[in-house]
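Structural overview for review
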Number of protein chains: 2
Amino acid sequence: MNKESGVFIVDDDEQVRSALTLLMESVGLRSESFSSGQEYLDQFDDSKPGCLILDVRMPGISGLDLQARLSAEKIHPPIIIITGHGDVPMAVRAVTAGAIDFIEKPFNNQSMLDTVHRAIEQDAKQRGESSRLEEIENHYNELTPREKEVLLSVIEGKRNKIIASEMNISQSTVEAHRSKVMEKMAAKTLSDLMRMALLLKLID
Amino acid sequence: MNKESGVFIVDDDEQVRSALTLLMESVGLRSESFSSGQEYLDQFDDSKPGCLILDVRMPGISGLDLQARLSAEKIHPPIIIITGHGDVPMAVRAVTAGAIDFIEKPFNNQSMLDTVHRAIEQDAKQRGESSRLEEIENHYNELTPREKEVLLSVIEGKRNKIIASEMNISQSTVEAHRSKVMEKMAAKTLSDLMRMALLLKLID
DNA sequence: AGTAAAATTAGAAGATGTAATAATTTATAT
DNA sequence: ATATAAATTATTACATCTTCTAATTTTACT
């Protein structure tokens, strides 16, 4: 478990915040508390690893709103929703929207910790994957438009000869582009290139 | 929408069954009703496309049990859970276990239909994907052990020369295996083969 | 107008993959 | 023990890919 990971607690109830803070401290987890969604957003830093615990009913932005906003920004930290007045439809909506759990207050300390640990693990996994993806995206963005075209054809399994005729250029040019693509993408083999293309969703 | 798709209703309450049956008929959807989980399992036929509507509280197998049993058998039809006495933890459990929705009785007819339509679409999509996967698995199972070894190396991007030395066989043999692999897997290009390998989860 | 990046082409040599044919040696099962 | 399938190897001819070097043309930007 990455001890750098933090638990970001957003609840307008001071008692809940301090209870959660203590609970996290009890197992050596760092936490930061915020009394409103806006306060959290103001300091938001995507580079901080960890998970969120969001209260539903708060002045201003509700926990569910905050969940939706982050999701709209393609930011997907593991989210645990807590609420004192939840109902079934609300829980279903939160979970189908990606929340890792929806917990009613008062909650059981141990099950909260279990969920938090699961959430932090998931975040670590996601971060590992997305840092690799970013690296690949950076390489991809170095490609010229023409090189991207060639890349697409290559991963579709087309022969250089075919690509050349489809693009109305000579085979030599395709070879030149192709070699640049391999170099810029840092792919040693076609199989490497295909795996990257998959992560980039250039192919199903 | 595939009109062959059916809605499988499992509820011990005759009134609910007939209400749902009528509702499905009203939009031209075929349905079959069962008064218990066991009754459903007795006639279960994986080849029938569609979705399930399961009541939670029933004599014998509960809807949630049934959901768990199917899941344990790696059978994943879209499941809609309905209940008269649901609570938040139950809803969270059902949805995180993969239920497409968790709806309290009495339910709104239109939203039930919306969910059913979503469920049937999802089922159709899943079936399309899994029939393709089955086809590929069948091809894969035709491979001899040695051919499977070669396939693995090939999709890792290894040269025939390398594979030969790693397997302590001649390059000719690798070429022979490789060509058999392409033939048996019905892959026209290396890129085809890689895509199949991904579906087979031979590579991340 | 001048510079830099991008796109284009060619040629040649060597490495690699493909296809077709043919043959030998192990296994495996009836 | 003997078919049958699997595994093995070799050879030949060809197709393709890779790498290198070198050069020209276009495009975009200042």
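Conventions adopted
Chains are numbered independently. Their residues run from 1 in the order of the written sequence. Naming scheme: in the order in which they are written, chains are lettered from A and ligands are numbered from 1. Local features are withheld for residues below a pLDDT of 70 in this predicted model, meaning they are given only at 70 or higher, and side-chain atom pairs are given and counted only at 80 or more; totals for whole chains, interfaces and linings count all residues. By convention in this description, side-chain values take in all heavy atoms of the structure and omit both hydrogens and water. If even one non-hydrogen atom of a residue comes within 4 Å of a molecule or strand, that residue is called near it. Throughout this description, a polar contact denotes any pair of N or O atoms lying within 3.5 Å of each other; where both atoms belong to protein, one of them has to be capable of donating a hydrogen while the other can accept it, and for residues adjacent in sequence the pair is counted only when both atoms sit in side chains. Labels follow the DSSP assignment, with helices taken as runs of H or I lasting at least four residues and strands as runs of E lasting at least two, numbered in each case from the N terminus. The buried label applies to any residue whose accessible area, calculated with a 1.4 Å probe on protein chains only, is under 20% of its type's maximum; exposed applies above 50%, and partly exposed to all values in between. Residues count as neighbours in contact if any of their non-hydrogen atoms are within 4.5 Å of one another. Segment limits for the domains were obtained from an automatic or database-derived domain assignment. A pocket, in this scheme, is an open set of points on a 1 Å grid over the protein atoms alone with protein on both sides within 12 Å along at least 5 of 7 lines, while a cavity is a set where a 1.4 Å probe fits but cannot get out; residues line either one if an atom lies within 4 Å of a point. Grid points are joined across faces, edges and corners, and a volume is the space filled by probe spheres set on the points. Asp, Glu, Lys and Arg are counted as charged, while Ala, Val, Leu, Ile, Met, Phe, Trp, Tyr, Cys and Pro are counted as nonpolar; the rest, among them Gly, fall into the polar class. Any two of the Phe, Tyr and Trp rings considered here, Trp counted by its six-membered ring, make a pair once their centres fall within 6.5 Å; the pair's planes then place it as stacked at under 30 degrees, edge-to-face at over 60, or tilted in between. Once two parts are put together, the accessible area they lose, assessed with a 1.4 Å probe and summed over both, is termed the buried area. The working definition used for a salt bridge is a side-chain nitrogen of Lys or Arg within 4 Å of a carboxyl oxygen of Asp or Glu. When the copies are superposed, the least-squares fit draws on C-alpha atoms of residues that have pLDDT of at least 70 in both. Two strands pair if DSSP finds at least two bridges between them. Here is how to tell: hold the view so the strands point away, follow the path from the first strand over the helix to the second, and if it runs clockwise the crossover is right-handed.

Taken together, 14 residues form the shell around DNA strand C, and within it T144, R146, S170 and T173 of chain A together with K161 of chain B come nearest. Within 4 Å of the protein, the contacting atoms of DNA strand C are 82% sugar and phosphate, with bases supplying the remainder. A distance of 2.7 Å separates a phosphate oxygen of DNA strand C from a polar atom in the side chain of R146 of chain A. Of all the elements, helix α8 (residues 171-185) of chain A adds the most residues to the surface near DNA strand C, at four residues.

The next point concerns the environment of M24 of chain B. Residue and element names in this part refer to chain B. By the secondary structure assignment, M24 is in helix α1 (residues 14-26). With relative accessibility at 0%, the residue M24 sits in the buried group. When the C-alpha atoms of M24 and L113 are compared, they prove to be 7.7 Å apart, with 89 residues separating the residues in sequence. In contact with M24, other than residues within four places in its own chain, are V7, L29, S31, I53, M112, L113 and V116.

What follows concerns the domain arrangement of chain A. When cut into domains, chain A gives domain 1 (6-127) and domain 2 (142-199). The gap between the C-alpha centroids of domain 1 of chain A and domain 2 of chain A is 44 Å.

On to empty space enclosed by the protein, then. Residues and elements named next belong to chain A. Under the counting rule described, the total for this entry stands at one cavity of 30 Å³ or more. In this structure, the largest cavity spans a volume of roughly 30 Å³. Every residue lining the largest cavity is listed: V150, L151, V154, R178, V181, M182 and L193. Among the secondary structure elements, those contributing two or more residues to the lining of the largest cavity are α6 (145-155) and α8. Residues of the lining of the largest cavity, tallied by class, amount to six nonpolar, no polar and one charged.

Moving on to the packing of aromatic side chains. Residue and element names in this part refer to chain A. Taken as a whole and assessed by the stated rule, the structure comprises six aromatic pairs over all chains. Ring geometry for F34 versus Y40: centroids 5.4 Å apart, planes at 80°, classification edge-to-face. The exposure classification of F34 matches that of Y40, with both residues buried. Pairwise contacts between aromatic rings join F8, F34, Y40 and F44 into one cluster.

Moving on: the interface of chain A and chain B. Contacts between the two partners involve 22 residues from chain A, matched on the other side by 22 residues from chain B. Between chain A and chain B, a total of about 1700 Å² is buried, with carbon and sulfur atoms accounting for 72% of that surface. Considering only the side of chain A, the residues that lose the most area to chain B are V88, V92 and R195 of chain A, jointly responsible for 30% of the buried surface there. Inspection of the chain A/chain B interface yields zero salt bridges. Across the chain A-chain B interface, the total number found is four residue pairs in polar contact (both at pLDDT 80 or more). Looking at the side of chain A that touches chain B, the elements that each hand over two or more residues are α4 (88-96), β5 (101-104) and α9 (190-199) of chain A. A breakdown of the residues in the side of chain A that touches chain B according to their chemical character gives 11 nonpolar, five polar and six charged.

A separate point is the side chain of N160 of chain B. Residue and element names in this part refer to chain B. Checked against the element boundaries, N160 lands in helix α7 (residues 160-167). Take N160: its relative accessible area is 17%, and that puts it in the buried class. For N160, the contacting residues outside a window of four places in its chain are Q171, V174, E175 and R178.

So, about the relation of the copies chain A and chain B. Of the two same-sequence chains, chain A is brought onto chain B (RMSD 0.3 Å, axial shift 0.1 Å) by a rotation of 180°. What we have between these two chains is a two-fold relation. Closest approach to the rotation axis among the C-alpha atoms of chain A is made by V88 of chain A, whose C-alpha sits 2.6 Å away. Comparing contact sets, 100% of the residues at the interface of chain A also lie at the interface in chain B, consistent with an isologous, same-surface contact.

What follows deals with the pairing of β5 of chain A. Residues and elements named next belong to chain A. Pairing analysis gives four bridges linking strand β4 (residues 79-83) to β5, with the strands arranged parallel. Within β5, the position partnered with I81 by the bridge is F102. In this fold, the crossover linking β4 to β5 by way of α4 has right-handed handedness.

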